[in-house]
Amino acid sequence: MTRQTTVEVTGSPRETKRGTEIRLEGVTKDYGLAAPAVDDISLTIEPGEFMTLLGPSGSGKTTTLNLIAGFETLTAGTISLDGADVSDVPPHRRNLGMLFQNYALFPHMTIAQNVAYPLRQRKVGKQEIARKVAEVLELVQLTGRDDTHPSKLSGGQQQRVALARAIVFEPKALLLDEPLGALDRNLRSALQTEIRRIHREVGSTFVFVTHDQEEAMNLADRIALFNNGRIEQVGTPQQLYAEPETLFTARFLGDSNVFELGQADLGGAVAWEGESWGVDPATVAAHPGVGKGSAIVVRPEDVEVAAGRDAVPVGANAVRAAVRDVEYMGSYRTLLLTIGDRGLFGRARVSALRGDYAIGDDVVVWWRPRAQRIVAA
Amino acid sequence: MSSNKIRWSSWLPLVPALALLAGILLVPLGKTFVRSVSNPDLTLANYEHLFTDGVTMTVLGRTALTAATVTIAALLLGYPYAYLMTRVSARTRGILLVVVLIPFWTSVMARNFAWIIILQDGGPVQSAFEAVGIDDVVLYGTTAGVTIAMTQVMLPFMVLPLFSTLGAIDRKLLLAARGLGSSPTAAFWKVFWPLSRGGVMAGVMLVFTLSLGFYVTPALLGSPQQSLVAQLLAQRTTLLLDFAAAGALGMVVLVITLVLVVWANRVGGTVSAIGVVATSQPKDR
Ligand SMILES: Nc1ncnc2c1ncn2[C@@H]1O[C@H](COP(=O)(O)OP(=O)(O)OP(=O)(O)O)[C@@H](O)[C@H]1O
Ligand SMILES: [Mg+2]
């Protein structure tokens, strides 16, 4: 019975509707502070794409989202939806759904009234409203609470209502600003799954702001990584993890061992604290800054640990290290290392089946040149 | 059992206040009531007189009308003012607060004499109207003049509950409304105004009930021919020494006020005395 209705929901006109393309060109927002909050950003979000805006606090994610929504005015640049310039269109005419971290449900209205709100504003007929509200409340799995007031619901339920309200009018795109930020870990991950499912069923463009890299990796088709009001890199989660262009990207997503090279000739071999390391041209970032100031990044899972130099295969890049600590993680363990003469902090992930390491052990760490990544520092 | 205990002990801190209220409010009130219905035998004559003497009802009506006018004027002035207070910097807010509180800090007499000077014949207000060609604006000694002065005095009682209510409304709700398709005007009427209703109700009740009992301002600025209820009461107690009649009138005013308060509580939902409604935040934050 329930299945039947769910099929009907996905079979509604939404399915045939594709998402909207959101195009940002030279988008800038200057509040008159030391640096612009958003600085000359260009980004095209494909129709139906799940795009995550990721970045540290204050990097301009919310500002960018508010510019798309129309809550803020542009200092420079243009924003277009499906090719139509909306830079000067007020928010209520952009037809975009928006989800806030604190839900922003109207406390004086019931759940049903909240969800019906955008339809009322669009003068939709009464019966049509009732039908759509019921449909969308089922989509977010929150039926039978129509006449409850928001304050009676849990945080997760409130955010479901907000989600229902944001998609009920079939907006051109859904903008979400850290919608799960106020929820605890379990609820968060449950709602992440939910949001992905709804994205698939609704087929609309989603722009999701978060500062949590794990959340971004879980959800996104593509991630736009923000840093100081600029976009550092755009790509799939895999691309950003495996092929970072800059040190910032490498450090923001996952753990890495970082060897700063300074200005370097990346032709054949590079030097680091007296070691000479091979370079695989395929691993050098295309970033224009690379070479002028670069760094080698190696992920902990790509680092091997050996007892001495003679155990290191020919052609591998190696450096001596000392075991500082060992973290046991079940199937694997992570060695915390001090690398080289100056005691650079590093980590290596080794299988639990490999030999035992004790704190204080002198070891040699090595990796293949193709496992490393050379990025702009 | 145990819940009963908790209930009893939780009443304890109220005892001193209740004792004080009983001593200085309920007992005199009871005595006033008893006197108003005894002659010395039980009678309703004092109440009948109120309806038949041809003066009291007129004065009551005039008082209610004046209080209503003052309330509406204070709301129209106070709402935008309180809204502005929630939108400006902390510094400016402080200044705005001081401005609205000044009537509190000035003595009643000084304030009323100031209004006499401003409103009197040949005073600045009249001259200003004459300057733009409107003659014959008489405010001193009229209900209009009384209304103006009372509005100024009552403004803080409107602004303060409104400020605390409007300030507690989550601004994100307005953004949300805009994003859901509301023009700024629609967002105000559909979201902001309903959420501010508790504060409006509190302000309206405070100003209206306080205005019903105003004495000094109408006595000084108004005319004896257009007196308000408080003047009538004073006349009956201090001049005519007719405490029974005055008591009956007082009772009628009290009942009117109580009816209004009950009604406002019904309409306004959770109106507390100062009108703070904390409904704009989700429960679990
Ligand atoms: N209304 C505003 N007035 C002035 N400065 C602002 C305003 N809004 C944001 N900023 C500034 O712009 C910069 C970017 O802010 P923004 O809110 O976009 O960051 P964010 O990436 O969303 O951060 P967070 O993860 O903390 O939410 C910050 O330095 C912030 O102080
Ligand atoms: Mg933000």
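Residues numbered from 1 in each chain as written. Chains lettered and ligands numbered in written order. Predicted model: local features only at pLDDT ≥ 70, side-chain atom pairs only at ≥ 80, totals over all residues. Heavy atoms only, no water.

Asker: Is there a simple way to think about the nonpolar core in this case?
Answerer: Taken as a class, soluble globular proteins show a tendency for nonpolar side chains to be buried jointly. Grouped together as the largest cluster of nonpolar side chains are 106 residues, with contacts concentrated most on Leu 53 and Phe 106 of chain A. The element that contributes the greatest number of residues to this core is helix 8 (residues 143–167) of chain B, accounting for ten residues. Ignoring anything within four residues of it in the chain, the contact list for Leu 53 of chain A reads Leu 43, Lys 61, Thr 64, Leu 65, Val 207, Phe 208, Val 209, Thr 210, Ala 224 and Phe 226 of chain A. In terms of nonpolar packing, the next biggest core, distinct from the first, is built from 28 residues, Ala 264, Val 298, Ala 321 and Val 350 of chain A among them. (Core = buried A, V, L, I, M, F, W, Y, C linked by side-chain atoms within 4.5 Å. Buried < 20%, exposed > 50% of the residue type's maximum accessible area, 1.4 Å probe, protein only. Helix = DSSP H or I, 4+ residues; strand = E, 2+ residues; numbered from the N terminus. Contact = heavy atoms within 4.5 Å.)

Asker: What is the right way to read unusual backbone geometry from this model?
Answerer: Negative phi characterises most residues that are not glycine, and trans characterises most peptide bonds. In this structure, Tyr 103 of chain A takes a positive phi of about 70° despite not being glycine. With respect to the secondary-structure elements, Tyr 103 of chain A resides in the loop between strand 6 (97–99) and helix 3 (111–121).

Asker: Got a minute to help me understand the confidence of the model for chain A in this structure?
Answerer: Should the pLDDT be low somewhere, the predicted coordinates at that spot are not to be read in detail. For chain A, the average pLDDT comes to 88, and 95% of its residues sit at 70 or higher. Here residues 1–16 of chain A is modelled with pLDDT under 50, and outside its nearest four sequence neighbours on either side it reaches 15 contacts, counting other chains as well. (pLDDT = per-residue confidence, 0-100.)

Asker: I keep staring at the packing of helix 5 (residues 155–167) of chain A against helix 6 (residues 185–202) of chain A and nothing clicks. Help me out?
Answerer: For any two helices packed against each other, one specifies the inter-axial angle together with the distance between the axes. Residue and element names in this part refer to chain A. Two elements in contact, helix 5 and helix 6, have axes whose closest approach is 11 Å; the angle formed by their N-to-C orientations is 15°. When the interaxial angle is binned, helix 5 and helix 6 end up roughly parallel. Relative to helix 6, the crossing made by helix 5 is right-handed. The residues of helix 6 that touch helix 5, namely those facing Gly 156, Arg 160, Leu 163 and Ile 167, are Leu 187, Leu 191, Glu 194, Ile 195, Ile 198 and Val 202. (Axes fitted to C-alpha atoms, helices over the stretch in contact; angles between N-to-C directions. Parallel < 35°, antiparallel > 145°, perpendicular 65-115°, else oblique. Left-handed = near helix turned anticlockwise from the far one by under 90°.)

Asker: Looking at this structure, I do not really get the sheet that holds strand 20 (residues 373–376) of chain A. What am I missing?
Answerer: The strands that make up a sheet are held in pairs by hydrogen bonds between backbone atoms, and each pair lies either parallel or antiparallel. Residue and element names in this part refer to chain A. In spatial order, the strands read 11-14-20; together these three strands make up an open sheet with antiparallel pairing. Both outer strands of the open sheet, strand 11 (257–262) and strand 20, are each paired with one neighbouring strand and no more. Neighbour-to-neighbour, the strand axes of this sheet turn through a mean angle of 30°, independent of strand direction. Pairing of strand 14 (residues 294–298) with strand 20 involves four bridges; the strand directions are antiparallel. Bridging across to strand 20, Val 297 finds its partner in Arg 373. (Pairing = 2+ DSSP bridges.)

Asker: Please explain the packing of helix 9 (residues 172–179) of chain B against helix 10 (residues 184–212) of chain B as it appears in this structure.
Answerer: All names here are of chain B. Taken N-terminus to C-terminus, the directions of helix 9 and helix 10 make an angle of 140°; their axes are 9 Å apart at the nearest point. As far as their axial angle goes, helix 10 and helix 9 are oblique. Read as a crossing pair, helix 9 and helix 10 show a hand that is right-handed. Of the residues in helix 10, those touching helix 9 at Leu 173, Leu 174, Ala 177 and Arg 178 are Pro 184, Ala 187, Val 191, Phe 192 and Leu 195.

Asker: What is the right way to read the site of ligand 1 from this model?
Answerer: All names here are of chain A. Neighbouring residues of ligand 1: Tyr 31, Leu 33, Ala 37, Pro 56, Ser 57, Gly 58, Ser 59, Gly 60, Lys 61, Thr 62, Thr 63 and Glu 178. At 2.7 Å from an oxygen atom of ligand 1 is found a main-chain nitrogen or oxygen belonging to Gly 58. Between Thr 63 and ligand 1, the recorded distance is 2.5 Å, taken from a side-chain N or O atom to an oxygen atom. Burial of ligand 1 by the surrounding chains reaches 60%, relative to a free accessible area of 640 Å². When the residues that make up the shell around ligand 1 are grouped by side-chain class, the tally is four nonpolar, six polar and two charged. (Near = heavy atom within 4 Å. Polar contact = N/O pair within 3.5 Å; in protein donor to acceptor, adjacent residues only side chain to side chain. Areas by Shrake-Rupley, 256 points an atom, 1.4 Å probe, with all protein chains shown as cover. Nonpolar A, V, L, I, M, F, W, Y, C, P; charged D, E, K, R; others polar.)

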